[in-house]
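Each chain is listed here by its residues.
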Amino acid sequence: VILVVLKGTNVIVSNWSTMILNMSDISRYAKTQRAQMIGQTVGINLSMLVTALAGVAGSIASVHVGAPAPVWQIVELFVYWQPAWAFVGGLLVLIAVINVNVYANIIPPAFDFYNVAPQHLGFRVCALFSIAVAFAACPYALFTTASNFAFRFLAGYGVVTGALFGVMVTHYYAVKRTNLNMSTLYPPGYLDEDPAEEPDASTVHMTSPIPCYHVCTTGHCWQAIVALLCGILLPGIGWIMSFIPSATKSSYFAVFSIFDDVSWLLSATISSLVYLACSWRHIKLCGKWKTQQEEDGI
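Residues numbered from 1 in each chain as written. Predicted model: local features only at pLDDT ≥ 70, side-chain atom pairs only at ≥ 80, totals over all residues. Heavy atoms only, no water.

A short note on the overall build of the protein
The helix and strand inventory of the protein stands at 11 helices and 0 strands. Listed N to C, the secondary structure of the protein is α-α-α-α-α-α-α-α-α-α-α in terms of helices and strands. Considering the protein as a whole, with its 298 residues, one finds that 32% of them fall into the buried category. Considering only intrachain contacts with a sequence separation of at least 6, the fraction spanning at least 24 residues in the protein is 67%. Only carbon and sulfur atoms are counted for the fraction: they give 71% of the accessible area of the protein, which is about 18,400 Å². (Helix = DSSP H or I, 4+ residues; strand = E, 2+ residues; numbered from the N terminus. Buried < 20%, exposed > 50% of the residue type's maximum accessible area, 1.4 Å probe, protein only. Contact = heavy atoms within 4.5 Å. Areas by Shrake-Rupley, 256 points an atom, 1.4 Å probe, with all protein chains shown as cover.)

And the structure:
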């Protein structure tokens, strides 16, 4: 029973995991804290509530209009509608799909690719590259059934998003103690439209006046990379094995299938603990620096 509850919880959290990680890519443009709070509350919570209710109602209603089984994809309901209403419904679905993909699946990866070499890349190029990569990955191949969507697609990317979440949360609460240096996060010119005027991301962290912020080398944090790979390892193996018929018959599959069932939860826990262990020296350095600042009355 516990495993079933954890499996269901894992699917729900995985579904929201992209927005958990990517919301800062959108809220960074809010003019005030109040503006982004209202935007998230109304734009996400209310819309998702309405969408969920509409999906449940439509799925239940499909049985009463002749469907052999509850329909889980809304586009399959259009065959039972009048042509005019089906056209309107299809148009609304098209708009919804575009909106969701723009703010959840294009903007965040575009920023990620952009940060690899901000002095050479532009946001538009990175956005187009993100679309090409998404198309090449063929995620729609996993949408054939509701079970595949929930337990293969969502659980699959939950392996990666969980590991990222573990590193980010541990970094903010345990390593930095919620004390971020805004000058290193948003240096002058970072949001300018012209990439040529932006500072080199590999040297931004070196301008920090706080000693305990000097944790990365050449613009990359090896502790985070190690923790990310460790978090992905076990649930990732379980997810890959679920696609191999011969592997499912292995005696090891029972164990790895459990790892796959709780992919996001497991990867987040492992990456968090590994990152904490790798950053222990840095945490002690930050603690000493803050203690010295308090003693000096700063």
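The discussion continues.
Let's talk about the nonpolar core
Of all hydrophobic cores here, the largest spans 6 residues; its members are V167, V175, C221, A224, A227 and Y275. Elements with a minimum of two residues in this core: helix 5 (146-175) and helix 7 (222-241). Setting aside its immediate chain neighbours within four residues, Y275 contacts V167, T170, H171, V175, C221, Q223, A224 and A227. Formed by 5 residues, the second largest nonpolar core is a distinct cluster that contains I106, A110, Y114 and C126. (Core = buried A, V, L, I, M, F, W, Y, C linked by side-chain atoms within 4.5 Å.)

As for helix 3 (residues 83-116)
End to end, helix 3 covers 48 Å across 34 residues, agreeing with the expected 50 Å (1.5 Å per residue, within 8%). Taken as a whole, helix 3 has its buried residues at A86, G89, A104, I106, P108, A110, F111 and Y114. (Expected span 1.5 Å × (residues − 1).)

Regarding the pattern of salt bridges
The tally for this structure, following the rule as stated, stands at 1 salt bridge. Here K7 makes a salt bridge to D261, at a shortest N to O gap of 3.8 Å. Here K7 is found in helix 1 (residues 2-27), whereas its partner D261 is found in helix 9 (residues 253-261), with 254 residues between them in sequence. Classification of K7 as partly exposed rests on a relative accessible area of 28%. (Salt bridge = Lys/Arg side-chain N within 4 Å of Asp/Glu carboxyl O.)

Focus on the environment of S62
By secondary structure assignment, the location of S62 is in helix 2 (residues 33-64). Judged by its relative accessible area of 0%, S62 is buried. Distance in space between the C-alpha atoms of S62 and E76 is 9.3 Å, their sequence separation being 14 residues. When residues no more than four places from it in sequence are discounted, the contact partners of S62 are A67, A69, P70, V71 and L77. At 2.6 Å, the side chain of S62 forms a polar contact with the backbone oxygen of S59. (Polar contact = N/O pair within 3.5 Å; in protein donor to acceptor, adjacent residues only side chain to side chain.)

Honestly, that's just the spatial picture; any functional story needs more than this.
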